[in-house]
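An overview of the molecular structure
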Amino acid sequence: MNTAAGSDPYRVIAHPMRSRILAHLRLHGGSTSAELARALGTHTGATSYHVRVLESAGLVEDTGLGNAKTRVWALVDESDDTDDANPSDALEFLDDADADDARWLEHDFITHVSERAHAWVDEQDAWPYVWQDECRAFDSPVLVSEEQMSALRSEMEALLTRYRRAGAGTPGARRVAVTVVPLPLPNVT
């Protein structure tokens, strides 16, 4: 993640509005500040301010698809990231404040996923049966070592990447958020 000099990415995104903006752009793609404001139930002034903070941190960018009055914002393409740091280093925080911000972000992400899941449960009756049947929550316990957990995560990410645009051009195709939350289970004696 390329961030502007002097900006702490955890500090920048550890804000409810900014984390929701990033989540919306991740799930729905490019949007204007007005579209973001409608989707997030806020006003365009607040949305524009927070988008500019995210832009200054190098997390979102103007796609150039807007016009003289509106800008279309999207997440910065992480494939352009030239940082060769080990991904596990992301968990080694500079200080306790970074760790606290990262923990807040994790909680906020889980809350956001929960809100979307609750909304789906309430609206699913309006959808065709196949969507109701296939878009139900499930979990599956697995027994893995640390290395196997890393391999499992990599395989899940590769699978989701293969399906990222599989439905492009297919009538009736819908965007679906697939959330994977591996949770270690307590040891039972």
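The structure presented is a predicted model; accordingly, all values stated were derived computationally and were not measured. (Residues numbered from 1 in each chain as written. Predicted model: local features only at pLDDT ≥ 70, side-chain atom pairs only at ≥ 80, totals over all residues. Heavy atoms only, no water.)

1. Regarding the packing of helix H2 (residues 16-28) against helix H3 (residues 33-40)
For any two helices packed against each other, one specifies the crossing angle of their axes together with the interaxial distance. To be explicit about the condition: Between the N-to-C directions of two axes lies an angle of 0 to 180 degrees, each axis being a line fitted to C-alpha atoms and, for a helix, fitted only over the stretch in contact. Elements are defined by DSSP. Helices are runs of H or I of four residues or more, strands are runs of E of two residues or more, and each kind is numbered from the N terminus. Here the angle decides the label: under 35 degrees means roughly parallel, over 145 means roughly antiparallel, 65 to 115 means roughly perpendicular, and every other value means oblique. By definition in these notes, contact holds between two residues if any of their heavy atoms fall within 4.5 Å. Each residue gets one of three labels, nonpolar for Ala, Val, Leu, Ile, Met, Phe, Trp, Tyr, Cys and Pro, charged for Asp, Glu, Lys and Arg, and polar for the others, Gly among them.
One can describe the packing of H2 onto H3 by two numbers: an axis separation of 11 Å at closest approach and a directional angle of 105°. Taken as axis vectors, H2 and H3 run roughly perpendicular relative to one another. Of H3, the residues touching H2 (which contributes Met17, Arg20, Ile21, His24 and Leu25) are Leu36, Ala39 and Leu40. Taken together, the residues of the contact of H2 with H3 break down into 6 nonpolar, 1 polar and 1 charged.

2. Points about the packing of aromatic side chains
As a reminder, the rule being used: Ring geometry is summarised as follows: Phe, Tyr and Trp rings, the Trp one being its six-membered ring, pair when their centres sit within 6.5 Å, and such pairs are stacked at plane angles under 30 degrees, edge-to-face over 60 and tilted between the two.
Under the criterion given, the structure shown has 2 aromatic pairs. With centroids separated by 5.3 Å and ring planes inclined at 75°, the aromatic side chains of tryptophan 120 and tryptophan 127 adopt a geometry described as edge-to-face. With 5.7 Å between their ring centres and 65° between their planes, tryptophan 127 and tryptophan 131 make a pair best called edge-to-face. Pairwise contacts between aromatic rings join Trp120, Trp127 and Trp131 into one cluster.

3. Here we look at the nonpolar core
Convention followed: The term nonpolar core refers to a set of buried residues drawn from Ala, Val, Leu, Ile, Met, Phe, Trp, Tyr and Cys, joined through side-chain atoms within 4.5 Å. Here the term buried applies to any residue with accessible area under 20% of the maximum for its type, exposed to any over 50%, and partly exposed to those in between, with areas from a 1.4 Å probe on protein chains only.
Membership of the largest hydrophobic core comes to 15 residues, with the highest contact counts inside it found for Val12, Ile13, Ile21, Leu54, Leu59 and Val60. Those elements that provide at least two residues to this core are helix H1 (9-13), H2 and helix H4 (44-56). The element contributing the most residues to this core is H2, with 4 residues.

4. Here we look at H4
Selection criterion: The span one expects for a helix is its residue count, reduced by one, times 1.5 Å.
An ideal rise of 1.5 Å per residue puts 18 Å on 13 residues; H4 measures up with 18 Å between its terminal C-alpha atoms. Among all positions in H4, only Ala46, Thr47, Ser48, His50, Val51, Val53 and Leu54 are buried. Backbone geometry just after H4 places glycine 58 at a positive phi near 80°.

5. Structural notes on the packing of H2 against helix H5 (residues 96-123)
Convention followed: Left-handed describes a crossing whose near helix is turned anticlockwise from the far helix through less than a right angle; right-handed describes the clockwise counterpart.
It is at 11 Å that the axes of H2 and H5 come closest, and there the two elements cross at 55°. Between H2 and H5, the interaxial angle falls into the category oblique. Between H2 and H5 lies a crossing whose hand is right-handed. Here Pro16, Ser19, Arg20, Ala23, Arg26 and Leu27 of H2 come into contact with H5, specifically with Trp104, Leu105, Asp108, Phe109, Thr111, His112, Glu115 and Arg116. Considered class by class, the residues forming the contact of H2 with H5 number 6 nonpolar, 3 polar and 5 charged.

6. A few points about the pattern of salt bridges
Rule in force here: Salt bridges are counted wherever a side-chain nitrogen of Lys or Arg sits within 4 Å of a carboxyl oxygen of Asp or Glu.
Evaluation of the coordinates by the stated rule reveals 6 salt bridges. The shortest N-O distance in the salt bridge between glutamate 55 and arginine 71 comes to 3.4 Å. Taken together, the residues glutamate 55 in helix H4 and arginine 71 in the loop between strand S1 (60-62) and strand S2 (73-75) connect sequence positions 16 residues apart. A relative accessible area of 37% means that arginine 71 is categorised as partly exposed. Between glutamate 157 and arginine 153 there is a salt bridge, and its shortest N-O distance comes to 3.0 Å. With a gap of 4 residues between them, glutamate 157 and arginine 153 both fall in helix H7 (residues 146-163), about one helical turn apart. By relative accessible area, which is 40% here, glutamate 157 ends up partly exposed. Residue arginine 153 is classed as partly exposed on the basis of its relative accessible area, which comes to 45%. Salt bridges linked by common partners bring Arg20, Asp108 and Glu115 together as one network.

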